[in-house]
Every structure is written in structure tokens, then in C-alpha cells.
Amino acid sequence: DAGITQSPRYKITETGRQVTLMCHQTWSHSYMFWYRQDLGHGLRLIYYSAAADITDKGEVPDGYVVSRSKTENFPLTLESATRSQTSVYFCASSIGGAGDEKLFFGSGTQLSVL
Amino acid sequence: SQQGEEDPQALSIQEGENATMNCSYKTSINNLQWYRQNSGRGLVHLILIRSNEREKHSGRLRVTLDTSKKSSSLLITASRAADTASYFCASMNSGYSTLTFGKGTMLLVSP
């Protein structure tokens, strides 16, 4: 009954550090997504994955890395965090392609880069 | 780039009143979706309307779609304080095979 879970809920890090945000879903949905939400910009897509081992860039991929070795997990890594990456990050999943399917969102990770 | 843009940015009403939010988009779509976000939480899907539909209802929600004007509206009837949230429209961006969200309308319903 867990659905889609993100961890950690809050994270504070320093510029230049590597940080990984975790996302886990229990539905075996094919598609998973990472969005960031910033005031004035709404939600912007970072990366998405159509299946295990298949990932693709979204609107704002620079500075981020993703992997999807298992269907249920889709971690997002900031290789060298910058202040501009301070944001709220949302993971989402859908059964099929997002155009025809609704997205299910996690509760988000609030990341602060000092 | 934003595919959908909501209007107004913020809306304040009293309980029992109706709330109308509008969404305009740029390119042709297969469908358009509306989501709600309560403060500090993830988005929750409300309704999906396909390009060949003009109107759709779900409980107190009514969504219309005008593909000739590239616009949609979300009407919440008999608003309640619990409807206080941000509302987003989302549609397929022709550059990707994924949803693109607008910046949202922040709705405040006062008791």
C-alpha cells in the first residue's frame, strides 16, 4: 500500500557535494519521472524513464544523473550540487506514457544547497 | 518551456462560492490533465479530458476543453475550505513524450 515513496524528505548539503535522492514505487509502473518545483517556474521535468535501463532527458537535465536498474527504483543524483539546485524535487510514476496516463506523485524532497 | 499557463495566478473566495481556473496551451494536444497540490505535498491527479471531449464532470469538478482556442477551464462548485490548494494543468509537450505543467493557480477558500 506504500505507492510511491521518496527519501529523504528534507536534505541540506553544501555546494560541490554529491547527493542522491531516492524514489521507490510498489506498483511496477513502467514510467518514472523526476520534476523540480521552483517558485515562478512551476514543475519542470528533469529526467524520465520508460522502463528499466531506459532513461531520457527532460527540460532541465544539466547537473543531474539518473539510473534505473530495477523497475521500482529511480534515483536522482546531483553530481556536484550548486545553489541553483535548491528546490523541491518530486518523483512520479505512471502505468504507460504520460500523455495518456495520469501521474502518481511522491511527497517530495526539499533540498537546500548552501 | 511551459506548455500550459494557468490564469489567474491566485484566487481567493468564500466557502460555497464557485471557483474557475483557466489554462491555455500552445501546441496541439491529445489530452489535458488537471492536478491539485496541497501545501507541502505531492500533486494529485483530478481529471483527464481528451481532445475529442468538450466537457467532463467528476463530483464537484467540471472541466471544459476548447481546442480551437487552445484553452481549458476547471470549475469547482460549492467550494470548501478543504479545496484550498494549488491547481495545475498539464499536457503533452510536442518536444517530449511527457507531461508539461503550467505554473499553477493558488486557490484560497475562506470559511
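Look up a bit, the structure's there.
Residues numbered from 1 in each chain as written. Chains lettered and ligands numbered in written order. Predicted model: local features only at pLDDT ≥ 70, side-chain atom pairs only at ≥ 80, totals over all residues. Heavy atoms only, no water.

To continue, consider the interface of chain B and chain A. On the side of chain A, 24 residues touch chain B, which itself brings 23 residues to the contact. Buried area between chain B and chain A, summed over both chains or domains, comes out near 1,800 Å², and the portion from carbon and sulfur atoms is 51%. Taken together, chain B and chain A are joined by 6 residue pairs in polar contact (both at pLDDT 80 or more). Counting residues per element, the ones that place at least two in the side of chain B that touches chain A are β4 (31-37), β5 (43-50), β9 (85-92) and β10 (99-101) of chain B. Of the residues that constitute the side of chain B that touches chain A, the class distribution is 8 nonpolar, 12 polar and 3 charged. (Contact = heavy atoms within 4.5 Å. Buried area = accessible area lost by both parts, 1.4 Å probe. Polar contact = N/O pair within 3.5 Å; in protein donor to acceptor, adjacent residues only side chain to side chain. Helix = DSSP H or I, 4+ residues; strand = E, 2+ residues; numbered from the N terminus. Nonpolar A, V, L, I, M, F, W, Y, C, P; charged D, E, K, R; others polar.)

Under the definition given, this model contains 2 disulfides over all chains. In this model C23 of chain A forms its disulfide with C91 of chain A; the gap between the sulfur atoms is 1.9 Å. Residues C23 of chain A and C91 of chain A share a disulfide whose torsion about the S-S bond is about -75 degrees; that sign makes it left-handed. Taken together, the residues span a long stretch of sequence, with C23 of chain A in strand β3 (residues 19-25) and C91 of chain A in strand β9 (residues 87-94) at a distance of 68 residues. Disulfide pairing is shown between C23 of chain B and C89 of chain B; the S-S distance is 2.0 Å. Handedness of the C23 of chain B-C89 of chain B disulfide follows from its S-S torsion of about 70 degrees: it is right-handed. Residue C23 of chain B is located in strand β3 (residues 19-25), and its partner C89 of chain B is located in strand β9; the two are separated by 66 residues in the primary sequence. On the basis of relative accessible area, C23 of chain B is assigned to the buried category, the value being 2%. (Disulfide = S-S within 2.5 Å. Buried < 20%, exposed > 50% of the residue type's maximum accessible area, 1.4 Å probe, protein only.)

Moving on, we get to the packing of aromatic side chains. Residue and element names in this part refer to chain A. Under the criterion given, the structure shown has 11 aromatic pairs over all chains. Relative to F104, the ring of W27 has its centre 4.9 Å away and its plane inclined at 50 degrees; by these criteria the two rings are tilted. Highlighted residues: W27 in the loop between β3 and β4 (31-38) and F104 in strand β10 (residues 104-105), separated in sequence by 77 residues. By relative accessible area, W27 is classed as partly exposed at 38%. With 6.4 Å between their ring centres and 80 degrees between their planes, F90 and F105 make a pair best called edge-to-face. (Phe/Tyr/Trp six-rings, centres within 6.5 Å; stacked < 30°, edge-to-face > 60°.)

Attention shifts here to the sheet that holds β3 of chain B. All names here are of chain B. Strand order in the open sheet formed by 5 strands is β1-β3-β8-β7-β6, and the pairing between neighbours is antiparallel. The open sheet is flanked by β1 (4-7) and β6 (55-58), the only strands paired with a single partner. Geometrically, the sheet is characterised by an average inter-axis angle of 20 degrees between neighbouring strands, direction not taken into account. Pairing of β3 with strand β8 (residues 71-76) involves 6 bridges; the strand directions are antiparallel. What sits directly across from C23, in β8, is S72. (Pairing = 2+ DSSP bridges. Axes fitted to C-alpha atoms, helices over the stretch in contact; angles between N-to-C directions.)

Turning our eyes to something else, we now look at the pairing of strand β5 (residues 42-51) of chain A. Residue and element names in this part refer to chain A. Burial of β5 is extensive: 8 of the 10 residues sit out of reach of the surface. Examined bridge by bridge, β4 and β5 share 7 bridges and lie antiparallel to one another. Bridge pairing in β5 places D38 opposite G42. Across 4 bridges, the pairing between β5 and strand β6 (residues 54-57) is antiparallel. The partner of S49 across the bridge, within β6, is T55. Where β5 folds back on β6, the antiparallel hairpin that results is connected by 2 residues, among which D53 adopts a positive phi of roughly 70 degrees.

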